[in-house]
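One-letter residues, chain by chain:
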Amino acid sequence: QVQLVESGGGLVQPGGSLRLSCASSGFSFSTYAMKWYRQGPGKERELVAAITAAGGYTTYADSVKGRFTISRDNAKNTVYLQMNSLKPEDTAVYYCNAYALMNSRSPILAWGQGTQVTVSS
């Protein structure tokens, strides 16, 4: 079965950290770029971070640079998002998806359920 399953979200205080995971199955994970998106309350979905298939190049939204780190383990078919120094404006549902190339706009799979991150004191 082809799927992406996000996990690791939760409630955290400002300044705290979370590590999100996205486990994949059913497709050749190691041949695709992976991206994390998020959608906050009343907002459009926005790109947070992306990583190439081999993991050698990453890119980030300006709003998360220096705080978030995307990584992947192709042996485990999993991509991660380490989030540090979290802010209330990071509150959102976080999604991952696979892309043919880093500059591809359309993902190869349907969006999953995502994982909720809430940053609040």
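Note: the structure precedes this text.
Residues numbered from 1 in each chain as written. Predicted model: local features only at pLDDT ≥ 70, side-chain atom pairs only at ≥ 80, totals over all residues. Heavy atoms only, no water.

## Some details on the nonpolar core
- If you look at the biggest cluster of nonpolar residues, it comprises 28 residues, and the most contacted ones within it are Trp36, Val79, Leu81, Met83 and Tyr94.
- For this core, the secondary-structure elements that each account for two or more residues are strand E3 (18-25), strand E4 (33-39), strand E5 (46-51), strand E7 (68-73), strand E8 (78-83), strand E9 (92-99) and strand E10 (115-119).
- Considering each element in turn, this core owes the most residues, four residues, to E9. (Core = buried A, V, L, I, M, F, W, Y, C linked by side-chain atoms within 4.5 Å. Buried < 20%, exposed > 50% of the residue type's maximum accessible area, 1.4 Å probe, protein only. Helix = DSSP H or I, 4+ residues; strand = E, 2+ residues; numbered from the N terminus.)

## Remarks on the sheet that holds E7
- Spatially, E1-E3-E8-E7 is the arrangement adopted by the four strands of the open sheet, whose pairing is antiparallel. Only two strands of the sheet have a single neighbouring strand rather than two, namely strand E1 (3-7) and E7. Here the strands of the sheet are splayed against their neighbours by 15 degrees on average, with no regard to which way each runs.
- Bridge count between E3 and E8: six bridges; the pairing is antiparallel. For Ala23, the partnering residue across the bridge sits in E8 and is Thr78. (Pairing = 2+ DSSP bridges. Axes fitted to C-alpha atoms, helices over the stretch in contact; angles between N-to-C directions.)

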